[in-house]
Amino acid sequence: MNIVYTAEALATGEGRNGRARTSDGRLDLELAIPTEMGGSGNGTNPEQLFAAGYAACFHSALQLVARQAGADVTDSAVGARVGIGPNGSGGFGLAVTLEVSLPHLDRDEALALTEKAHEVCPYSNATRGNIEVTLTVADDE
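So, a few notes on the structure that sits alongside this text. Predicted model only: the values in this text are computed from it and were never measured. (Residues numbered from 1 in each chain as written. Predicted model: local features only at pLDDT ≥ 70, side-chain atom pairs only at ≥ 80, totals over all residues. Heavy atoms only, no water.)

## As for the packing of aromatic side chains
Within this structure, the stated rule accounts for 4 aromatic pairs. Three or more aromatic residues joined by ring pairs make a cluster, and in this case those are F50, Y54, F58 and Y123. (Phe/Tyr/Trp six-rings, centres within 6.5 Å; stacked < 30°, edge-to-face > 60°.)

This is the structure we're talking about:
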């Protein structure tokens, strides 16, 4: 693989209760365990960051495959939900649901493009076989 960009971040403090900052300073934020996991919830958390990154990356992949197919992706959007919980082996696991909105396409075309984007997206390729990823297409009618 020919790497064209590398992101760098540092987490300090107490892990999920700490701070995360990128090397260029564009992202600098407080981290906190969510209230659902017994924390204060007074900061963002890794699952929120992962959801935002996956949604943005998948949306770019979706737009790429749609352009290649000549499909209208005006007003498109991708939402991501990232869940965390015990994996039954003493650790924790993640599960992701991606919801794609392609309001100007019929359901079959939207689903085909969503599946194609899942093959292209770097986040999808990194998680494939490691975590459960569910793809859904919003009913925009």
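## Considerations on the pattern of salt bridges
Applying the stated criterion to the full structure yields 5 salt bridges. Across the pair E30 and R19 runs a salt bridge, and its minimum N-O distance is 2.0 Å. Residue E30 is located in strand β3 (residues 28–30), and its partner R19 is located in strand β2 (residues 17–22); the two are separated by 11 residues in the primary sequence. The class for E30 is partly exposed, based on a relative accessible area of 45%. Judged by relative accessible area, which is 29%, R19 ranks as partly exposed. One salt bridge connects D28 with R21, and the closest N-O pair in it is separated by 3.6 Å. You can call D28 partly exposed: its relative accessible area is 39%. By relative accessible area, R21 is classed as partly exposed at 40%. Each of the salt bridges in this network shares a partner with another, and the network as a whole consists of R19, R21, D28 and E30. (Salt bridge = Lys/Arg side-chain N within 4 Å of Asp/Glu carboxyl O. Helix = DSSP H or I, 4+ residues; strand = E, 2+ residues; numbered from the N terminus. Buried < 20%, exposed > 50% of the residue type's maximum accessible area, 1.4 Å probe, protein only.)

## Thoughts on the sheet that holds strand β6 (residues 132–137)
Across the sheet, 3 strands lie side by side as β4-β5-β6; this open sheet has mixed pairing. The sheet is open, and its two edges are formed by β4 (77–86) and β6, each paired on a single side. Across the sheet, the mean angle from the axis of one strand to that of its neighbour is 15°, orientation sign disregarded. When β4 meets strand β5 (residues 92–101), the two strands line up antiparallel, connected through 10 bridges. Residue A80 lies in a different strand from β5, and its bridge partner there is L98. Where helix α2 (residues 107–120) meets the sheet, its contacts fall on β5 and β6, and the angle it forms with β6 comes to roughly 150°. (Pairing = 2+ DSSP bridges. Axes fitted to C-alpha atoms, helices over the stretch in contact; angles between N-to-C directions. Contact = heavy atoms within 4.5 Å.)

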